[in-house]
Amino acid sequence: VVWRFWQEGSKDALYWGANCYQPLATSPASQVEFREDLPAGDGVLVYPGECFGVGPDPVASIRLERLLDGLQDFEHLRAYELKFGRYRTSELIRRHVIYIAPKIYAKSTQNVENMRREWMFRLSNNM
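This section reports on the structure supplied with the text. Sequence positions are assigned chain by chain, starting from 1 and proceeding in written order. Side-chain atom pairs in this predicted model are given and counted only at pLDDT of 80 or more, local residue features only at pLDDT of at least 70, and totals for whole chains, interfaces and linings cover all residues. Based on all heavy atoms of the structure, the side-chain values leave hydrogens and waters out of the count.

**Examining the overall build of the protein**
Numbering of helices and strands runs from the N terminus, with a helix taken as a DSSP run of H or I at least four residues long and a strand as a DSSP run of E at least two residues long. Of regular secondary structure, the protein possesses four helices and six strands. The quantity called the radius of gyration is restricted to C-alpha atoms. Its globule counterpart is 2.2 Å times the number of residues to the power 0.38. Whereas a compact globule of 127 residues would reach a radius of gyration of roughly 14 Å, the protein reaches 18 Å, over 25% beyond that. Referenced to the eigenvectors of the C-alpha coordinate spread, the extents of the protein come out at roughly 60 × 30 × 25 Å. A 1.4 Å probe rolled over the protein chains alone gives each residue an accessible area, and that area as a share of the maximum for its type sets the label: buried under 20%, exposed over 50%, partly exposed in between. Residues counted as buried form 28% of the 127 residues belonging to the protein.

Written out as structure tokens, the structure reads:
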């Protein structure tokens, strides 16, 4: 998602929900249930720690971890763009099929890892 922000020149983003789940029982240590009107996990960035036996602190979801990865990628894309220009940065994204259009994007983490290796190499070696 965040690569799309960069590609389309977005300046701001709003994640619409962070904890859209429902407890199954009144106990805070109960399991959670996703809202019926949403796909499982959609709108959930954190879970209650009690459900995982780790205390009252929230537990990050995989979705939150991937969002953080994307935000870090966005910053690397900006650094790459400052050094090499927008066109070459767009070409880097297209070459690795990271994001081309809403239905044409990386289906494999290998594409993303390859792109990250390339931009790190080029940024660190001024290439």
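**Description of the packing of helix α2 (residues 62-84) against helix α4 (residues 109-125)**
The description of two packed helices rests on the angle between their axes and on the distance between the axes. Axes here refer to lines fitted to C-alpha atoms; in helices the fit is confined to the stretch in contact. Angles between the N-to-C directions go from 0 to 180 degrees. At a minimum axis separation of 11 Å, α2 and α4 run at an interaxial angle of 40°. Accordingly, the angle class assigned to the pair α2 and α4 is oblique. For the element pair α2 and α4, the recorded crossing hand is left-handed. Every residue of α4 that contacts α2 at Asp-69, Asp-73, His-76, Leu-77, Ala-79, Tyr-80, Lys-83 and Phe-84 is listed here: Val-112, Arg-116, Trp-119, Met-120, Arg-122 and Leu-123. Its residues assigned to classes, the contact of α2 with α4 comprises eight nonpolar, one polar and five charged. Throughout, the term roughly parallel applies to angles under 35 degrees, roughly antiparallel to angles over 145, roughly perpendicular to angles from 65 to 115, and oblique to all others. Handedness of each helix crossing follows the sense of rotation of the near helix against the far helix: counterclockwise by less than a right angle gives left-handed, clockwise gives right-handed. Contact between two residues is taken to exist if any of their heavy atoms lie within 4.5 Å; hydrogens are not considered. We call Asp, Glu, Lys and Arg charged. Ala, Val, Leu, Ile, Met, Phe, Trp, Tyr, Cys and Pro are nonpolar, and the rest, Gly among them, are polar.

**What to know about a nonpolar patch on the surface**
Patch definition: residues above 30% relative accessible area lacking any salt bridge, with like charges linked at up to 9 Å and the nonpolar side chains Val, Leu, Ile, Met, Phe, Trp and Tyr linked at up to 5 Å. A 1.4 Å probe and the Shrake-Rupley method give the accessible areas. Residues count as covered only by the protein chains that appear here. Salt bridge, as used here, is a side-chain nitrogen of Lys or Arg placed within 4 Å of a carboxyl oxygen of Asp or Glu. A cluster of nonpolar side chains, namely Val-97, Ile-100 and Ile-104, defines an oily patch on the protein surface of about 210 Å² accessible area. Inspection of the secondary structure assignment puts Ile-104 in strand β6 (residues 104-105).

**Observations concerning helix α3 (residues 86-95)**
For α3, the complete set of buried residues consists of Thr-89, Ser-90, Leu-92 and Ile-93. Taken end-on, α3 shows its buried residues confined to a sector of 155°, consistent with a single buried face. Residues of α3 that are buried in the fold lie against α1 (2-7), α2, β5 (99-101) and α4. In the stretch just after α3, Val-97 is the one whose phi turns positive, near 50°. As used here, the arc belongs to the directions running from the helix axis to the C-beta atoms.

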